[in-house]
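Inside the fold
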Amino acid sequence: MAIQWYPGHMHKAKKAIVERLKSVDMVIEVLDARLPASSENPLLAKLSVGKPKLKILNKQDLADPDRTEVWMAHLQERPDTLAIALDASDTGATQKIVRACRSLLPNRQGIDKPLRVLICGIPNVGKSTLINGMLGKKSAKTGNEPGITKAEQRLFLADDFWLYDTPGMLWPKIIVEESGYNLAASGAVGRNALDEEVVALELLDYLRRHYLQELQIRYQADKDASSHWRDEEWLEWIGKKRGALLPGGRINYQKAAEVALTDFRDGQIGRITLETPNQWAIWLKKAQQNEAALKAAREARKAERKGGGKS
Ligand code: G4P
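Heads up: these notes are all about the structure in this document. Please read these numbers as outputs of a predicted model, since none were measured by experiment.

With that out of the way, let us pick up the overall build of the protein chain. When helices and strands are tallied, the protein chain shows twelve helices and six strands. Counting only residues that meet the buried cut, the protein chain has 46% of its 311 residues in that class. Contacts in the protein chain between residues at least 24 apart in sequence constitute 69% of all its contacts with a sequence separation of at least 6. Of the accessible surface of the protein chain, which amounts to about 16300 Å², a share of 51% is contributed by carbon and sulfur atoms.

Next comes the structure, spelled out in structure tokens:
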């Protein structure tokens, strides 16, 4: 499933990131702990090489705690990178974030050397909740000054700790197919942009392979029989169990898909993470090979057209 965030605006978005990166010391990227790789912006990684980074695995309350540990260790293998796991109920979140940023750049402090931090994250990842928590009773000072666009905010967490919140940090084309599904399952993609039945089937396929027990418990499925169910059968079972039926007793698959997705998003199936670093590496490799094959085919067609034109 190819998802392109707001197609057509990529160039503008890239320019905005490049401009803002010039005047910040480090970057916070808020990730969804249930899909840390899929919720990461590859373009941001490319453009911000050399800047220290804090990766926040947010919504950890919904994610598999063991996998969150694995992801944090994995992310911290990168140079100048720290990772922390948070959720909206964490009253110590602000201190954890500030402490982590300060430890990455201990020399940036004092009014004449403020620590300037860019914060970004995909829609629905919980960035606003996090920022509101950080601001507390402090009012957000919005920049009405040169170099700061109307949409962009400069928030003063302390005299020497500035946070730049730049909305509209857009994502390039998502080449990893599984990422598209995981983003859709998480709720990061608008409902109109996706086929919920397809997304639910992909989700159920992953869950039956990696979180079967959670699935069985949530939907009171007979353990022996369910252990070999396929994704369509799971969707049918959920439809029956939840009364997602059409006149005549046929399964309303759309309704059943909505049930499964809502349950997943609300954490009702359990604490689930839809990808591991190893799985991600395999998916990415496959996607890159596909992209390379497509590119080669395009170039071959182009060469053929050129050759044809000459004769
Ligand atoms: P954004 O700025 O990145 O787009 O996200 P925002 O803060 O608006 O949060 C998106 C949704 O995620 C909100 O739910 C919010 O309550 C929820 N959320 C944020 N942080 C966490 C977290 O750590 N854990 C969990 N479980 N949920 C979190 P909503 O349904 O859109 O709104 P509402 O329930 O707050 O009314």
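So, about the packing of helix H7 (residues 196-210) against helix H11 (residues 253-265). At their nearest, the axes of H7 and H11 sit 8 Å apart, and the two run at 55° to each other. Taken together, the axes of H7 and H11 are oblique relative to one another. The interaxial crossing formed by H7 with H11 has left-handed handedness. Residue-level contacts link Glu196, Glu197, Val199, Ala200 and Leu203 of H7 to Tyr253, Gln254, Ala257, Glu258, Ala260, Leu261 and Phe264 of H11. The residue makeup of the contact of H7 with H11, split by class, is eight nonpolar, one polar and three charged.

This part takes up the layout of surface pockets. Gaps between atoms show up when a probe of the same size as a water molecule is rolled over them. Quantified by volume, the largest pocket comes out at close to 730 Å³. Lining the largest pocket are 32 residues, with Glu40, Asn41, Pro42, Leu43 and Ala45 sitting closest to its centre. The set of elements that each furnish at least two residues to the lining of the largest pocket consists of helix H2 (42-47), strand S2 (53-58), helix H3 (65-75) and helix H12 (277-310). Ranked by residue count, the leading element in the lining of the largest pocket is H2, at four residues. Grouping the amino acids of the lining of the largest pocket by side-chain chemistry returns 17 nonpolar, seven polar and eight charged.

A word on unusual backbone geometry. The backbone of Asn124 shows a phi angle near 75°, a positive value even though the residue is not glycine. Tracing the sequence through the fold places Asn124 in the loop between strand S4 (115-121) and helix H5 (127-135). Among the residues examined, Asn124 registers a relative accessible area of 48% and is labelled partly exposed. Located in the positive-phi region is Gln220, a residue other than glycine, with phi close to 40°.

Our focus in this paragraph is the nonpolar core. Met26, Ile28, Leu54, Ile97 and Leu163 are the most contacted members of the largest nonpolar core, which totals 72 residues. Each of domain 1 (8-165) and domain 2 (195-265) gives at least three residues to this core. Leave out the neighbours within four places in its chain, and Leu163 touches Ile28, Val117, Ile119, Ile131, Met134, Gln153, Arg154, Leu155 and Leu157. Core analysis: the next-biggest nonpolar cluster, separate from the first, contains ten residues, Leu21, Leu43, Leu44 and Cys120 among them.

Counted under the stated rule, the structure contains 16 salt bridges. Ionic contacts of the salt-bridge type, sharing partners, join the residues Glu29, Glu40, Lys55 and Arg78 into one network.

Within helix H6 (residues 177-186), nine of the ten residues are buried, which leaves the element mostly enclosed by the surrounding structure. Inspection of H6 places Glu178, Ser179, Gly180, Tyr181, Asn182, Leu183, Ala184, Ala185 and Ser186 among the buried residues, and these make up the whole buried set. Residue Gly187 follows H6 closely and has a positive phi angle near 100°.

Moving on, we get to the pairing of strand S6 (residues 161-165). In regular strands, side chains alternate between the two faces of the sheet. Extensive coverage of S6 is indicated by the burial of five of its five residues. Residue alternation in S6 divides its side chains into two sets, Phe161, Leu163 and Asp165 and Trp162 and Tyr164, and both sets are buried. Strand direction decides the pairing type here: strand S5 (residues 153-158) and S6, joined by five bridges, are antiparallel. In the strand pairing of S6, Phe156 is matched with Trp162. Between S5 and S6, which pair antiparallel and follow one another directly, the connecting turn spans two residues.

Within a sheet, adjacent strands bond to each other through the backbone by hydrogen bonds, running parallel or antiparallel. The strand order across the open sheet built from six strands is S3-S2-S1-S4-S6-S5, with neighbouring strands paired in mixed fashion. The sheet is open, and its two edges are formed by strand S3 (81-85) and S5, each paired on a single side. Geometrically, the sheet is characterised by an average inter-axis angle of 25° between neighbouring strands, direction not taken into account. As paired strands, S2 and S3 are joined by five bridges and run parallel to one another. When the bridges of S3 are listed, Lys55 appears paired with Ala83.

All right, on to the site of the ligand then. Neighbouring the ligand are 14 residues, the closest being Ala88, Asn124, Lys127, Ser128 and Thr129. In the model, an oxygen atom of the ligand is placed 2.3 Å from a nitrogen or oxygen of the Ser128 side chain. Here Thr129 contributes a side-chain N or O atom positioned 2.5 Å from an oxygen atom of the ligand. If the ligand stood free it would expose 710 Å²; the protein chains cover 54% of that surface.

Conventions used here
- Residues numbered from 1 in each chain as written.
- Predicted model: local features only at pLDDT ≥ 70, side-chain atom pairs only at ≥ 80, totals over all residues.
- Heavy atoms only, no water.
- Helix = DSSP H or I, 4+ residues; strand = E, 2+ residues; numbered from the N terminus.
- Buried < 20%, exposed > 50% of the residue type's maximum accessible area, 1.4 Å probe, protein only.
- Contact = heavy atoms within 4.5 Å.
- Areas by Shrake-Rupley, 256 points an atom, 1.4 Å probe, with all protein chains shown as cover.
- Axes fitted to C-alpha atoms, helices over the stretch in contact; angles between N-to-C directions.
- Parallel < 35°, antiparallel > 145°, perpendicular 65-115°, else oblique.
- Left-handed = near helix turned anticlockwise from the far one by under 90°.
- Nonpolar A, V, L, I, M, F, W, Y, C, P; charged D, E, K, R; others polar.
- 1 Å grid on protein atoms, 1.4 Å probe; cavity = no way out; pocket = protein on both sides within 12 Å on 5 of 7 lines; lining within 4 Å.
- Points joined across faces, edges and corners; volume = space filled by probe spheres on them.
- Core = buried A, V, L, I, M, F, W, Y, C linked by side-chain atoms within 4.5 Å.
- Domains from an automatic or database assignment.
- Salt bridge = Lys/Arg side-chain N within 4 Å of Asp/Glu carboxyl O.
- Pairing = 2+ DSSP bridges.
- Near = heavy atom within 4 Å.
- Polar contact = N/O pair within 3.5 Å; in protein donor to acceptor, adjacent residues only side chain to side chain.

Distances and angles like these do not, on their own, reveal function.
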